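# Fold and contact review
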Amino acid sequence: MSDNHWDERNKADHPAAEALDNVRTKQEGKEWRLLERLVDGLYVEQRRSRRWGILFKSLTFLYLFALLGVGIFGGFSSESEPAVEEHTAVINIQGPISSSEEASADKIVGAMREAFEAENSKAVVLRINSPGGSPVQSGYIYDEVKRLRALYPEKKAYAVIVDIGASGAYYIAAAADEIYADKASLVGSIGVVAGGFGFVDLMEKVGVERRLYTAGEHKALLDPFSPQNDNETRLWQQVLDTTHRQFIEQVKKGRGDRLKDDEQLFTGLVWSGEQALELGLLDGLGSTSYVARELVGVEEIVDYTSQPDVWQKVLDRFSVTFAKTIATEMGLNGNTLQLK
């Protein structure tokens with residue numbers, strides 16, 4: 001008791017000492033708060049590192065498990081077992097027709113050969129859902145359909161247009177014995193297009209000088225950074241006209257007298273399935289199932305479309321899983337903005 005009285009009297013007699021104690025108390029409080037924040041930060045960092053460690057270990061495990069599953073259950077061959085029962089063979093032509101896409105001539109031609117060669121396939125259906133693409137790739141496929149039909153005259157080739165079968169896609173369809181589509185499908189667009197941009201005026205405004213060195217009068221044909229040349233424009237139009245003529249010839253060769261005499265037919269216009277039927281671009285309205293059931297007479301359908309290599313499938317799935325997991329860990333799967 002005496003000590004406490006002494007302290008109180010001492011503080012009362014020495015206000016400076018009391019102020020000093022208050023300062024020390026505040027400093028100690030700041031130090032403790034700083035220490036708490038430091039400890040909390042270390043804890044959060046440690047927890048984050050542990051989560052990332054679990055993430056990568058899990059992904060590694062999933063990857064090895066997928067490879068093991070492929071080896072045990074799927075084998076290391078992407079070829080499917082041949083169908084033993086009678087069936088209608090189907091090959092999907094999906095998306096742009098290009099050497100670098102799924103609808104490339106190499107992949108489609110390989111699938112067609114397998115389908116025609118299959119002992120129990122009774123007919124081949126090209127199921128088309130494509131806006132077109134390369135006239136070269138389309139021409140390769142067209143020629144192969146004709147060649148295979150000659151080798152296997154007992155197996156008819158049908159084309160079925162789903163949402164769209166335009167331009168190069170219709171080029172391919174014209175090789176089939178018969179073409180079918182839905183009444184609302186988009187069909188036709190028998191024409192050729194090429195486009196680009198001209199940046200000459202923009203370069204002048206920005207103050208950029210074009211320096212182009214060539215050997216050959218037309219080596220820089222259609223250069224977007226040079227003024228348009230009327231002579232070169234005519235030359236390029238001749239290329240387009242020639243390609244268009246080839247397109248028209250192949251369509252007429254494939255469709256024959258079924259085409260109606262309409263001046264709009266080869267202008268590049270696209271038609272609905274109902275209109276295309278009236279113009280002779282189609283033989284009827286129907287789906288793949290309709291063709292297999294009603295025309296081929298074999299309702300069983302077997303897909304011969306070329307599939308990605310089994311290893312590519314595994315890597316693609318692994319990449320998707322990895323990306324999704326990273327997004328989840330980084331909090332990118334929540335309320336994020338999307339452009340639609």
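Figured I'd write up the structure that's included with this text.

Thresholds applied
- Numbers given for residues are sequential positions, taken from 1 along each chain in its written order.
- Two thresholds apply to this predicted model, a pLDDT of at least 70 for residue-level local features and 80 or more for giving and counting side-chain atom pairs, whereas whole-chain, interface and lining totals are computed over all residues.
- Values shown for side chains rest on all heavy atoms present in the structure; no hydrogens or waters enter the calculation.
- Axis angles are defined between N-to-C directions and span 0 to 180 degrees, where every axis is a line fitted to C-alpha atoms and, for a helix, only to the segment in contact.
- Where helices and strands are cited, they refer to DSSP runs of H or I of at least four residues and of E of at least two residues respectively, numbered from the N terminus.
- The labels follow the angle: roughly parallel below 35 degrees, roughly antiparallel above 145, roughly perpendicular from 65 to 115, and oblique for the rest.
- Any two residues whose heavy atoms approach within 4.5 Å are treated as being in contact.
- Side-chain classes are defined by residue name, with Ala, Val, Leu, Ile, Met, Phe, Trp, Tyr, Cys and Pro counting as nonpolar, Asp, Glu, Lys and Arg as charged, and the others, Gly among them, as polar.
- Working definition: with a 1.4 Å probe on protein chains only, accessible area under 20% of the residue-type maximum means buried, over 50% means exposed, and in between means partly exposed.
- Take the number of residues in a helix, subtract one, and multiply by 1.5 Å to get its expected span.
- In this context, the arc is that of the directions from the helix axis out to the C-beta atoms.
- By definition, a salt bridge exists where a carboxyl oxygen of Asp or Glu is found within 4 Å of a side-chain nitrogen of Lys or Arg.
- Definition of a polar contact: a pair of N or O atoms within 3.5 Å, with one able to donate and the other able to accept a hydrogen when the atoms are protein atoms, and with sequence-neighbouring residues admitted only if both atoms are side-chain atoms.
- Residue types Ala, Val, Leu, Ile, Met, Phe, Trp, Tyr and Cys, when buried and joined through side-chain atoms within 4.5 Å, form a set referred to as a nonpolar core.
- In this description, strands pair whenever DSSP reports at least two bridges between them.
- Here the term right-handed applies to a crossover when the path leading from its first strand over the helix to its second strand runs clockwise, the strands being oriented away from the viewer.

### Thoughts on the packing of helix 3 (residues 105–117) against helix 4 (residues 135–151)
Between helix 3 and helix 4, the least distance of the axes is 9 Å, while the angle of their chain directions is 10 degrees. One way to sum up the angle between helix 3 and helix 4 is to call them roughly parallel. Across the interface between the two elements, Ala105, Ile108, Val109, Met112, Arg113 and Phe116 from helix 3 touch Gln137, Tyr140, Ile141, Glu144, Val145, Arg147, Leu148 and Arg149 from helix 4. Within the contact of helix 3 with helix 4, the residues separate by chemical class into nine nonpolar, one polar and four charged.

### Section: unusual backbone geometry
Glycine aside, a negative phi is what most residues show, and trans is what most peptide bonds show. The phi dihedral of serine 167 falls on the positive side, at around 55 degrees, and the residue is not glycine. Following the sequence through the fold, serine 167 ends up in the loop between strand 3 (156–166) and helix 5 (168–173). On the basis of relative accessible area, serine 167 is assigned to the buried category, the value being 17%. A positive phi angle is found at leucine 222, which is not glycine, with a value near 65 degrees. The residue leucine 222 is located in the loop between helix 6 (200–206) and helix 7 (230–255) in this model. Its relative accessible area of 43% is what places leucine 222 among the partly exposed residues.

### What about helix 3?
Spanning 13 residues, helix 3 covers 18 Å between terminal C-alpha atoms, matching the ideal 18 Å at 1.5 Å per step. Along helix 3, the positions that sit buried rather than exposed are Ala105, Ile108, Val109, Ala111, Met112, Ala115 and Phe116. Buried residues along helix 3 cover an arc of 165 degrees about the axis, so they all sit on one side. For helix 3, the exposed residues lying more than 90 degrees away from the buried face are Asp106 and Glu117.

### Considering the pattern of salt bridges
Scanning the entire structure with this criterion turns up 12 salt bridges. Between glutamate 102 and lysine 107 there is a salt bridge, with its nearest N and O atoms 3.2 Å apart. With a relative accessible area of 47%, glutamate 102 lands in the partly exposed category. One network of salt bridges, with partners in common, ties together Arg113, Glu144 and Arg147.

### Describing the environment of aspartate 182
Tracing the backbone shows aspartate 182 in the loop between strand 4 (178–181) and strand 5 (186–188). Its relative accessible area of 38% is what places aspartate 182 among the partly exposed residues. Look past the residues within four positions of aspartate 182 in its chain and what remains in contact with it is Ile161, Gly273, Leu285 and Gly286. Among the polar contacts listed, one links the side chain of aspartate 182 to the backbone nitrogen of alanine 184, at a separation of 2.9 Å.

### What about the nonpolar core?
Met112, Tyr170 and Leu281 are the most contacted members of the largest nonpolar core, which totals 47 residues. Among the elements that line this core, the one with the most residues is helix 3, at seven residues. Setting aside its immediate chain neighbours within four residues, tyrosine 170 contacts Ile161, Gly165, Ile179, Val187, Gly188, Ile190, Val251, Arg255 and Leu281. Val90, Ala123, Tyr158 and Val160 belong to the second-largest nonpolar core, a separate cluster that totals nine residues.

### Notes on the environment of isoleucine 93
Secondary-structure assignment places isoleucine 93 in strand 1 (residues 87–94). For isoleucine 93, a relative accessible area of 0% corresponds to the buried category. For the pair formed by isoleucine 93 and isoleucine 161, sequence separation is 68 residues and the distance between their alpha carbons is 9.6 Å.

### Let's talk about the pairing of strand 3
Bridge count for strand 2 (residues 121–130) against strand 3 is seven bridges, and the pairing is parallel. Along strand 3, the bridge assignment pairs serine 130 with glycine 165. Tracing the backbone out of strand 2, into helix 4 and back to the parallel element strand 3 gives a crossover that is right-handed. With four bridges joining them, strand 3 and strand 4 adopt parallel strand pairing. Paired with valine 160 across the bridge in strand 4 is tyrosine 180. Taken together, strand 3, helix 5 and strand 4 form a β-α-β motif whose crossover is right-handed.

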